[in-house]
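# A structural walkthrough
Take a look at the letters that make up each chain.
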Amino acid sequence: MPIDRRSFLTNATATLLSGAIAAPALAQTKPNRKTYVVPPEHQPVTLRLRDKFEEGQILVDPNTFSLYWTLPKRQALRFVVGVGKGDLYTPGTFHIGAKKEWPSWTPTKEMIARSPGHYAQYANGMPGGPSNPLGARALYLFTEERGDTFLRIHGTPDPWTIGSAVSNGCVRLVNEQIEQLYALVPMGTKVVLYPKRSQKA
């Protein structure tokens, strides 16, 4: 069904218009990265938008865990994503200021302060690779005022976390899907992270 601008910012309407996206049930034990299969409902789909959005933008609706890559003729490619947990999600308008394949990762000072037992060991960074939290590709979100915001749209070595609010603020996709998106998105692309229902527009 079509999606319009207002749908991103409403409660039940957004879910109904974009199609309900159920988060996968997290197992009691950590799934096996080699054998985990992304469920069909978490695969990319092309849909029609009710309103006309400029082609070549990224729109993220955290309320339905959806990322939209806008296409011509009111079409969009929708990916299911993971988003920032609690108040770590930051809505706003950004642009792609950098792109990296198999990027290295360094936790922010805020992340280390929140959970030193988990993040302090990586204070000097982690090289890119299959176990890196940023996964196979990363799109870096910038603003004119701040430059690098330290927010990313990136892959993940933990694909079962897609469809949930689990990250420290970034938007995450399955590795195969961030590779697909990465190839489509040029530098300078506009990115809009819409507010969560509990956040003011």
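The structure this text deals with has already been given above.
Residues numbered from 1 in each chain as written. Predicted model: local features only at pLDDT ≥ 70, side-chain atom pairs only at ≥ 80, totals over all residues. Heavy atoms only, no water.

For the protein, the helix and strand inventory stands at 4 helices and 11 strands. Here the protein holds 201 residues, and the buried ones make up 47% of them. Here the analysis covers contacts within the protein between residues at least 6 apart in sequence; of these, 67% occur between residues at least 24 apart. For the protein, the exposed area adds up to about 10400 Å²; of that, 53% sits on carbon and sulfur atoms. (Helix = DSSP H or I, 4+ residues; strand = E, 2+ residues; numbered from the N terminus. Buried < 20%, exposed > 50% of the residue type's maximum accessible area, 1.4 Å probe, protein only. Contact = heavy atoms within 4.5 Å. Areas by Shrake-Rupley, 256 points an atom, 1.4 Å probe, with all protein chains shown as cover.)

It is worth spelling out the sheet that holds strand β2 (residues 58-61) at this point. Overall, mixed pairing links the 9 strands, which are arranged β1-β4-β3-β2-β11-β6-β7-β8-β10 in an open sheet. In this open sheet, the two strands that pair with only one neighbour each are β1 (45-48) and β10 (171-172). Pairing geometry for β1 and strand β4 (residues 75-80), over 4 bridges, is antiparallel. Paired with L47 across the two strands is A76, which belongs to β4. Packing against the sheet, helix α4 (residues 175-184) makes contact with β2, β3 (66-71), β4, β6 (92-101), β7 (137-143) and β8 (147-154), and its axis sits at approximately 50 degrees to β7. (Pairing = 2+ DSSP bridges. Axes fitted to C-alpha atoms, helices over the stretch in contact; angles between N-to-C directions.)

In this section: the layout of surface pockets. Reported here for the largest pocket is a volume of approximately 1100 Å³. In this structure, the largest pocket is lined by 40 residues; those nearest its centre are W105, M111, Y119, P133 and N168. Sorting the residues of the lining of the largest pocket by element identifies α2 (109-114), α3 (116-119), β8 and β9 (165-167) as the ones contributing at least two each. No other element matches β8, which puts 6 residues into the lining of the largest pocket. Taken together, the residues of the lining of the largest pocket break down into 16 nonpolar, 13 polar and 11 charged. Of the voids in this model, the second largest pocket is the one considered here, and its volume is about 210 Å³. Lining the second largest pocket are R33, Y36, V38, P130, S131, T156, P157, P159, V174, N175 and E176. (1 Å grid on protein atoms, 1.4 Å probe; cavity = no way out; pocket = protein on both sides within 12 Å on 5 of 7 lines; lining within 4 Å. Points joined across faces, edges and corners; volume = space filled by probe spheres on them. Nonpolar A, V, L, I, M, F, W, Y, C, P; charged D, E, K, R; others polar.)

Let us now look at the pattern of salt bridges. Between side chains of opposite charge, pairing is possible as soon as their charged atoms come close. For the structure on display, the rule yields 2 salt bridges. The salt bridge partner of E101 is R137, with a shortest N-O separation of 3.9 Å. With E101 in strand β6 and R137 in strand β7, this pair connects stretches of sequence that are 36 residues apart. On the accessibility criterion, R137 (14% relative accessible area) is buried. Salt-bridge contacts for R152 lead to D148; the nearest nitrogen and oxygen are separated by 2.7 Å. (Salt bridge = Lys/Arg side-chain N within 4 Å of Asp/Glu carboxyl O.)

As a further point, take the side chain of S167. Mapped onto the secondary structure, S167 falls in strand β9. For S167, a relative accessible area of 2% puts it in the buried group. A distance of 3.2 Å separates a polar side-chain atom of S167 from the backbone nitrogen of G84. Among the polar contacts made by the side chain of S167, one reaches the main-chain amide nitrogen of G169 at a distance of 3.1 Å. With residues near it in sequence (within four places) discarded, S167 still touches V83, G84, K85, L88 and R172. (Polar contact = N/O pair within 3.5 Å; in protein donor to acceptor, adjacent residues only side chain to side chain.)

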